[in-house]
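Below are the chains, spelled out letter by letter.
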Amino acid sequence: MTTIQGFMGLICHPGKTYTQIVSAPFRIAMASLHEEVKDNKRTTVTVNVDKKEYVLCTLIPNKIEQQALDITFVEGEEVTFAVKGENIVHLTGNYVFNDDDEEIVSEDESGDSVDESFDEEEFLNSLPEGVDKEEVKALMAQQQTMSSDEIDSDDMVSDEEEEEEEEEEEESEEEVPVVTKKRAAEAAKEQPSKKQKAEAKKAEDAKKAEVKKTETKKAEEAKKAEEAKKVEEAKKAEEAKKTKKADAKKAETKKEEKKVTKLPNGLVIEDIKVGEGASCKSGQRVGMRYIGKLTNGKVFDKNVSGKPFSFLLGRGEVIKGWDIGVAGMKAGGERKLTIPAPLAYGKRGAPPDIPKNATLVFDIKLVSMK
């Protein structure tokens, strides 16, 4: 069977959280707005249990300023209270104990061995952070006075004491539930020591650092692999580009390969560049640029500027090698003619520049035809 003993109160300020590991079961029975409110907007009270947030109630000034609750938190739970809104909220209730606990409390009050072994200074030093030691010490002294005067534990607190407690609650930003010697001793026993908390936090930080280090290493490896992949792709693209360029150059070279024709009469026609448009025919007047050389490279005649050399093609106005070699050229076309003596100046030559039986080499270009 459970019994209700001891007042519990907590004043929650907006923007703050109130966390504790429950050392003694308690019940929240009422949530109320502070006597002074800042605005008429909603104020929500939440509790976080097992890393999940739950809404206890929502209060609205001038509409819902109090809300009855019946929520019990058991020993060992880690709970965090918070307020979302602009107003302060008072959570009030009481501690809940089994009859076995009450018998132990009764033994404490009667002055048995538990009281005798209680070390007040050790108890105060073992309280968790955030607990006002002076306030707890004052409460303990008050209980001792009440016990010595044989005041019944069921008597109500005087109006004056209630007012003093309310003033203390308003001045404190984080309210500490009223604790008896027995409950405080249990809380101190169950509450992890500062050293244990520090070690646990250190281990957690080390674990997080290791996880972060592993993630960073993986990210760096992935980045390196991506960069290597990009370099490889760029290298392949460059090689493909070079291959394509080489193929294009090869095709161009092949395209521009000189076409060499050797006629039975000994005339050699080498197409250096094919011109554009229609081919010239016999009877047309053609305009030519040329350089005439002997086989030893000596230039004996040329027309590279000024008025082009013109003649009627196929009419015998030039040596026979020219009539044959120029035929079929297109405007802008270039050829190299290697003309044997019978198709040039024959056995006599053309002294003094062209010797007897001389083979002549002409670089010619067709610039016009009519």
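The shown structure was predicted, so the numbers you read here are calculated from the model rather than taken from an experiment. (Residues numbered from 1 in each chain as written. Predicted model: local features only at pLDDT ≥ 70, side-chain atom pairs only at ≥ 80, totals over all residues. Heavy atoms only, no water.)

Student: I keep staring at the overall build of the protein chain and nothing clicks. Help me out?
Tutor: Looking only at helices and strands, one finds eight helices and 17 strands in the protein chain. Counting all 370 residues of the protein chain, 29% fall into the buried class. With an accessible surface of roughly 25,000 Å², the protein chain has 49% of that area assigned to carbon and sulfur atoms. (Helix = DSSP H or I, 4+ residues; strand = E, 2+ residues; numbered from the N terminus. Buried < 20%, exposed > 50% of the residue type's maximum accessible area, 1.4 Å probe, protein only. Areas by Shrake-Rupley, 256 points an atom, 1.4 Å probe, with all protein chains shown as cover.)

Student: I tried to follow the pattern of salt bridges on my own but got confused; where do I start?
Tutor: Pairing is possible between side chains of opposite charge, provided their charged atoms come close. One pass over the structure, following the stated rule, counts five salt bridges. Of the charged contacts in the structure, one is a salt bridge between Asp205 and Lys201, with a shortest N-O distance of 3.2 Å. One end of the pair is Asp205 and the other is Lys201, both in helix H7 (residues 194-255) and four residues apart, which spans about a single turn. (Salt bridge = Lys/Arg side-chain N within 4 Å of Asp/Glu carboxyl O.)

Student: Just to check I follow, could you spell out the packing of aromatic side chains for this structure?
Tutor: One pair of aromatic rings is described through two measures. These are the centre distance and the angle between the planes. Tallying each qualifying case throughout the model produces eleven aromatic pairs. Plain terms: the ring middles of Phe26 and Tyr95 are 6.4 Å apart, the flat faces sit at 70 degrees to each other, and that makes the pair edge-to-face. With Phe26 in strand S3 (residues 26-33) and Tyr95 in strand S8 (residues 89-98), the pair connects residues that are 69 residues apart, well separated along the chain. Among the residues examined, Tyr95 registers a relative accessible area of 6% and is labelled buried. Put simply, the rings of Tyr290, Phe300, Phe309, Phe311, Trp322 and Phe362 pair up and form one aromatic cluster. (Phe/Tyr/Trp six-rings, centres within 6.5 Å; stacked < 30°, edge-to-face > 60°.)

Student: Got a minute to help me understand unusual backbone geometry in this structure?
Tutor: Note: most residues except glycine have negative phi, and most peptide bonds are trans. Cis geometry marks the peptide bond from Pro351 to Pro352; its omega dihedral reads 5 degrees. Looking at the secondary structure, you find Pro352 in the loop between strand S16 (334-339) and strand S17 (360-369). In this structure, Asn62 is a non-glycine residue whose phi angle is positive, near 70 degrees.

Student: Where do I start with the sheet that holds strand S5 (residues 52-59) in this structure?
Tutor: Hydrogen bonds between backbone groups are what pair the strands of a sheet, and the pairing can be parallel or antiparallel. The four strands are arranged S2-S7-S4-S5 in an open sheet whose pairing can be described as antiparallel. Both outer strands of the open sheet, strand S2 (17-21) and S5, are each paired with one neighbouring strand and no more. Neighbouring strand axes in the sheet, compared pairwise and without regard to direction, differ in orientation by 20 degrees on average. (Pairing = 2+ DSSP bridges. Axes fitted to C-alpha atoms, helices over the stretch in contact; angles between N-to-C directions.)

Student: Got a minute to help me understand a negative patch on the surface in this structure?
Tutor: On the surface, a cluster of negative charge is made up of Glu226, Glu227, Glu232, Glu233, Glu238 and Glu239. Inspection of the secondary structure puts Glu232 in helix H7. (Patch = residues over 30% accessible without salt bridge, like charges linked within 9 Å, V, L, I, M, F, W, Y side chains within 5 Å. Lys, Arg positive; Asp, Glu negative; His and termini not counted. Charge placed at Lys NZ, Arg CZ, Asp CG, Glu CD.)

Student: Even after reading the chapter, I still don't get the pairing of S3, so can you show me in this structure?
Tutor: In the case of a regular strand, side chains alternate between the two sheet surfaces. Burial within S3 is extensive, with six of its eight residues counted as buried. As defined by bridge partners, S3 adjoins strand S6 (residues 66-73) across six bridges and the pair is classed as antiparallel. In the strand pairing of S6, Phe26 is matched with Phe73.

Student: Hey, could you run me through the confidence of the model for the protein chain in this one?
Tutor: Low-pLDDT portions of the prediction should not be read for the details of their coordinates. Residues at a pLDDT of 70 or more form 76% of the protein chain, whose mean pLDDT is 82. In the model, residues 101-107 has pLDDT below 50 throughout and makes six contacts with residues more than four positions away in sequence or in other chains. Under a pLDDT of 50 for its full length, residues 173-181 has, in the predicted model, 28 contacts with residues more than four places off or in other chains. (pLDDT = per-residue confidence, 0-100. Contact = heavy atoms within 4.5 Å.)

Student: Honestly, the side chain of Thr80 in this entry has me stumped. Any pointers?
Tutor: In this fold, Thr80 is placed in strand S7 (residues 78-84). Side-chain polar atoms of Thr80 contact the side chain of Thr19, separated by 2.9 Å. Setting aside residues no more than four positions away along its own chain, Thr80 makes contact with Thr17, Tyr18, Thr19, Thr46, Val47 and Asn48. (Polar contact = N/O pair within 3.5 Å; in protein donor to acceptor, adjacent residues only side chain to side chain.)

Student: Is there a simple way to explain the side chain of Thr46 in this structure?
Tutor: In this fold, Thr46 is placed in strand S4 (residues 43-49). For Thr46, a relative accessible area of 4% puts it in the buried group.

Student: Help me understand the environment of Val268, please; the structure alone is not making it clear to me.
Tutor: Mapped onto the elements, Val268 comes out in strand S10 (residues 268-273). Val268 sits 70 residues away from Thr338 along the chain, and the two C-alpha atoms are 5.1 Å apart. Leaving out residues up to four positions away in the same chain, Val268 has contacts with Val260, Thr261, Lys262, Lys336, Leu337 and Thr338.

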